[in-house]
Amino acid sequence: MQKDKQPNTKNLKWDDLLATVRSFPDSPGIYIMRNQNADVLYVGKATSLKKRVSSYFYHQKRNPRIRDLMEHVNSIEYIATKSAYEALILECNFIKRLLPEYNRALKDSKGYQYLTFTKEPFPSFLKSMRIRKDNGLYFGPFTSAKKTTYLHRLILKTFRLRNCKKNLTKKDQKPCLRYYMNQCPGCCAGNTTQEEYNKQVQMAIQFLKNDVHTIQSQLKENMTLAAKEQKYEYAALLRDQIQSIEAIQDKQRVITNPDFDGDLLAIYSLHDKAVIDLMKVREGKVIYEDHFYNFQTFEEEEEGILQSFLLQYYLDLSYFPPPKEILINIECADLTHIKKQILTKFPGSSLQIKHPKIGSKKHLVDFCLENAKKHFQTKFPHFFETLNPLLLDVQKTFQLPSIPYRIEGYDISHIQGQNTVGSMVVFINGKPAKKYYRYFKVRLAALPDDTGSLREVIQRRIQHNDEDFGTLPDVFLIDGGLGQLHAVSNVLQENDIHLPVLSLAKREELVFSEKNSQPIRLDREKSEVLRLFQQIRDESHRFAKKQYQLQHIKSTLAE
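Residues numbered from 1 in each chain as written. Predicted model: local features only at pLDDT ≥ 70, side-chain atom pairs only at ≥ 80, totals over all residues. Heavy atoms only, no water.

Notes on the overall build of the protein chain
Put simply, the test is: Secondary structure elements are taken from DSSP: a helix is a run of H or I of four residues or more, a strand is a run of E of two residues or more, and numbering for both begins at the N terminus. We get accessible surface area from the Shrake-Rupley algorithm with a probe of 1.4 Å; when it comes to residues, only the shown protein chains can shield them.
Each helix and strand counted, the protein chain has 16 helices and 21 strands in total. Split by element, the accessible area of the protein chain, about 27,900 Å² in all, is 50% carbon and sulfur.

The following block contains the structure:
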């Protein structure tokens, strides 16, 4: 592998930059795009560096995302490799190390969540936003905060685990409320032994690994023994655990014969966007299903996107070894090399990555592909229906990276800080979608702090990115001025979310945006864009006020 440095292209015009790119070799490698400050904007791979990088200069005319990227590119360099597979590995390593602004694969505009057992004599069972170097045991990743919270609560309750961060070396500690609700054994107060507690921890780990039959056998055996010894309270507790596990199994979908254990992966792409659906099938049942968005493919082939996903997911995100078999819906080169790379992290594992073309396994990946299509249609429905042309005007006016098909409006309502409520209204394709309206009871101290309340509301909103609650919007529209705009932008940046924010000031109806140093004044009489923003702002205000009044009545009656 050889790195070839190109001449300094700072301040070169596009013609000069294109001339430089034409000197790139017609061989595999990666390319690195930088802005005027030499910050890395994008890292990509190519089987032919010359053809792939040159295509950006032609495709930008019809692809707004490529045009937005190229407007910021000031220099391009490359690293030639011996093979396309070597370029794939190098691309993944560079993206992981440099975190380029335009590389958004596997992020879905948010972080992931994990469930973890701490490394302690009495392990605590917690939720985490990342894998830390603390020798803990991690399960995940999960993209849905709702699913993660449900699973976390279920396991805490079923196996009676602690979820606190108390220092158990201190003596004479008082147990918390969960102990008195029979949801924690009271490790802090010395009400259980380390041996007994760790039996529950091991069963919870087996459950997360889907070793359910072993757990059920152990619990039934222990329940029978406890009943014989007339330990009826303990026997009843074990019975409840068995029933909880059986209830979960009943909800799992059976899609194939019981002898299939593996992961299904299917990619569906359209208009420079893609979604990858992941299904974990154990004993013929779908025990877990998730989907990952890639918002800007820059017209990369589906094969390359799926190859990158395989490496990033199983090498960077997954804590446990992959199953014996991974089935994918498209033909991919270098699967043998990708398998070897994954097995370097999990030596001793057995793994096959296959693209089935006939038979029952082909039906499985087709089923997974149908789910990928459904998720795509849910996230990007404007590709399947008539688009409101007004949204194109909104995108052009405020230089948004994508069509603002889903706009969310926010407002805060209270009187002197009492019963503060934050509202979220949703407009899809320029029309209100009331089924997605939500309100948030602000938990801050009773102070009239609109900016702080707004920060809390946005922080809580971005924890929900599932289809029941609604996926994250294409743009946030805030009722307020620069202060509110910066508050929301800071929350998004802190959570590594890159979505545009606009704010509409009431008096002069000025629109503030992150990209413009000065507010934009739209024509009050003629601007349809302003009329749409006013409708969203007024609707968020109405909904916030309505919820505030309901909360105020409840608190008044309670007194």
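Moving on from the model shown.
Observations regarding the packing of helix α10 (residues 302-317) against helix α11 (residues 335-345)
Let me state the cut-off plainly: As a rule, the C-alpha atoms of each element are fitted with a line to give its axis, helices using only the stretch in contact, and angles between N-to-C directions run from 0 to 180 degrees. In this scheme, roughly parallel covers angles under 35 degrees and roughly antiparallel covers those over 145, while 65 to 115 is roughly perpendicular and the rest are oblique. Contact definition: two residues touch when any of their heavy atoms are within 4.5 Å.
Packing of α10 against α11 brings their axes to within 9 Å, and their N-to-C directions diverge by 10°. As the angle between them shows, α10 and α11 are arranged roughly parallel. Along the contact surface, α10 presents Q307, L310, L311, Y314, L315 and D316, while α11 presents L335, I338, Q341, I342 and K345.

As for the nonpolar core
Taken as a class, soluble globular proteins show a tendency for nonpolar side chains to be buried jointly. Worth spelling out the cut-off: To define a nonpolar core, start from buried Ala, Val, Leu, Ile, Met, Phe, Trp, Tyr and Cys residues and group those joined through side-chain atoms within 4.5 Å. A 1.4 Å probe rolled over the protein chains alone gives each residue an accessible area, and that area as a share of the maximum for its type sets the label: buried under 20%, exposed over 50%, partly exposed in between.
With 30 residues, the main nonpolar core has L265 and I338 as its most contacted residues. Taken together, the elements giving at least two residues each to this core come down to α4 (84-98), β9 (262-270), β10 (273-282), α10, β12 (325-328) and α11. Considering every element that reaches this core, the biggest residue donor is α10, with eight residues. Once residues lying within four places of it in the same chain are set aside, the contact partners of L265 are I276, D277, L278, L306, F309, L310, Y314, I326, L327, I328, N329 and C368. Judged by nonpolar contacts, the second largest core, of 26 residues, contains Y410, L454, L492 and L510.

A few points about unusual backbone geometry
Residues other than glycine seldom take positive phi values, yet A38 does so here, at roughly 70°. Along the chain, A38 turns up in the loop between β2 (29-34) and β3 (40-46). In the Ramachandran plot, R160 falls in the positive-phi region, its phi being about 50° despite a non-glycine side chain. One can find R160 in the loop between α5 (145-159) and α6 (177-180). What makes R160 buried here is its relative accessible area of 16%.

Considering the packing of aromatic side chains
Definition in use: Any two rings among Phe, Tyr and Trp, with Trp reduced to its six-membered ring, count as a pair given centres within 6.5 Å; such a pair is stacked if its planes are under 30 degrees apart, edge-to-face if over 60, and tilted if neither. Distance and angle both matter: a charge sits over a ring if NZ of Lys or CZ of Arg is within 6 Å of the ring centre and within 35 degrees of the ring normal.
For the structure on display, the rule yields 14 aromatic pairs. Ring geometry for F122 and Y197: centres 5.7 Å apart, planes at 50°, overall tilted. Highlighted residues: F122 in the loop between β5 (113-117) and β6 (125-128) and Y197 in helix α7 (residues 194-208), separated in sequence by 75 residues. Taking relative accessible area as the criterion, Y197 reaches 1% and is therefore assigned buried. The aromatic ring of F94 is capped on one face by R97, whose charged end is 4.9 Å from the ring centroid. It is R406 that lies over the ring of Y436; its NZ or CZ is 4.7 Å from the centre.

A look at the environment of R537
Residue position: R537 is located in helix α16 (residues 528-558). Taking the C-alpha atoms as reference points, R537 and D479, 58 residues apart in sequence, are found 6.2 Å from one another. Ignoring any residue separated from it by four or fewer positions in sequence, one finds R537 in contact with D479, L504, A505, K506 and E509.

Considerations on the environment of T116
Short version of the rule: Distance and chemistry together define a polar contact, namely a pair of N or O atoms within 3.5 Å, with one atom able to donate a hydrogen and the other to accept it when in protein, and with adjacent residues in sequence counting only for side-chain atoms on both sides.
Among the structural elements, T116 can be located in strand β5. Here T116 falls in the buried class, since its relative accessible area comes to 6%. Spatially, the C-alpha atom of T116 lies 9.6 Å from that of H152, the residues being 36 residues apart in sequence. Ignoring any residue separated from it by four or fewer positions in sequence, one finds T116 in contact with S124, F125, L126, S128, G136, L137 and Y138. A polar contact is formed between the side chain of T116 and the backbone oxygen of L137, at a distance of 3.2 Å.

A short note on α4
Keep this limit in mind: One less than the number of residues in a helix, times 1.5 Å, gives the span that helix is expected to have.
Taking 1.5 Å as the rise per residue, α4 with 15 residues should run 21 Å; its terminal C-alpha atoms sit 21 Å apart, in good agreement. Among the residues making up α4, those that are buried are Y85, A87, L88, I89, L90, E91, C92, F94 and I95. Residue S83 occupies the N-cap position of α4, its side-chain oxygen lying 3.1 Å from the main-chain nitrogen of E86. In the stretch just after α4, L99 is the one whose phi turns positive, near 50°.

Quick look at the sheet that holds β5
The criterion, for reference: Only strands that DSSP links by at least two bridges are regarded as paired with each other.
A sheet is described by the order of its strands in space; here three strands give the open sequence β6-β5-β7, paired in antiparallel fashion. In this open sheet, the two strands that pair with only one neighbour each are β6 and β7 (137-142). Each neighbouring strand pair of the sheet contributes to a mean axis angle of 20°, computed without reference to strand direction. Pairing of β5 with β6 involves four bridges; the strand directions are antiparallel. Paired with L115 across the bridge in β6 is K127.

Here's the deal with the pairing of strand β20 (residues 510-513)
Covered by surrounding structure in β20 are L510 and F512 together with V511 and S513, the residues of both alternating faces. Pairing analysis gives three bridges linking strand β19 (residues 501-504) to β20, with the strands arranged antiparallel. Across the sheet, the residue bridging to L504 is V511, located in β20. Linkage of β19 to β20, two consecutive antiparallel strands, is achieved through a turn of five residues, within which E509 is found at a positive phi near 55°. Summarising the sheet, β20 and strand β21 (residues 520-521) pair through two bridges and their orientation is antiparallel. Opposite L510, over in β21, you have R521 as the bridge partner.

Considerations on the pattern of salt bridges
Let me state the cut-off plainly: The working definition used for a salt bridge is a side-chain nitrogen of Lys or Arg within 4 Å of a carboxyl oxygen of Asp or Glu.
Tallied over the entire structure, the rule returns 19 salt bridges. The partner of E456 in a salt bridge is R460, and the shortest N-O contact between them spans 3.0 Å. Of this pair, E456 and R460 are both found in helix α14 (residues 450-461), four residues apart, which corresponds to roughly one turn of the helix. The pair formed by E456 and R460 is uniform in burial state, with each residue classed as buried. Overlapping salt bridges bring together K45, E91 and E300 as one network.

Thoughts on the confidence of the model for the protein chain
Put simply, the rule is: The score called pLDDT rates the predictor's confidence residue by residue, from a low of 0 to a high of 100.
Of all residues in the protein chain, 86% attain a pLDDT of 70 or more, and the chain-wide mean is 80. Confidence drops under a pLDDT of 50 for residues 1-12, and excluding neighbours within four residues, the segment shows 30 contacts in the predicted structure. Across residues 106-110 the pLDDT falls below 50, and counting only partners more than four positions away or on other chains, this stretch makes 21 contacts in the model.

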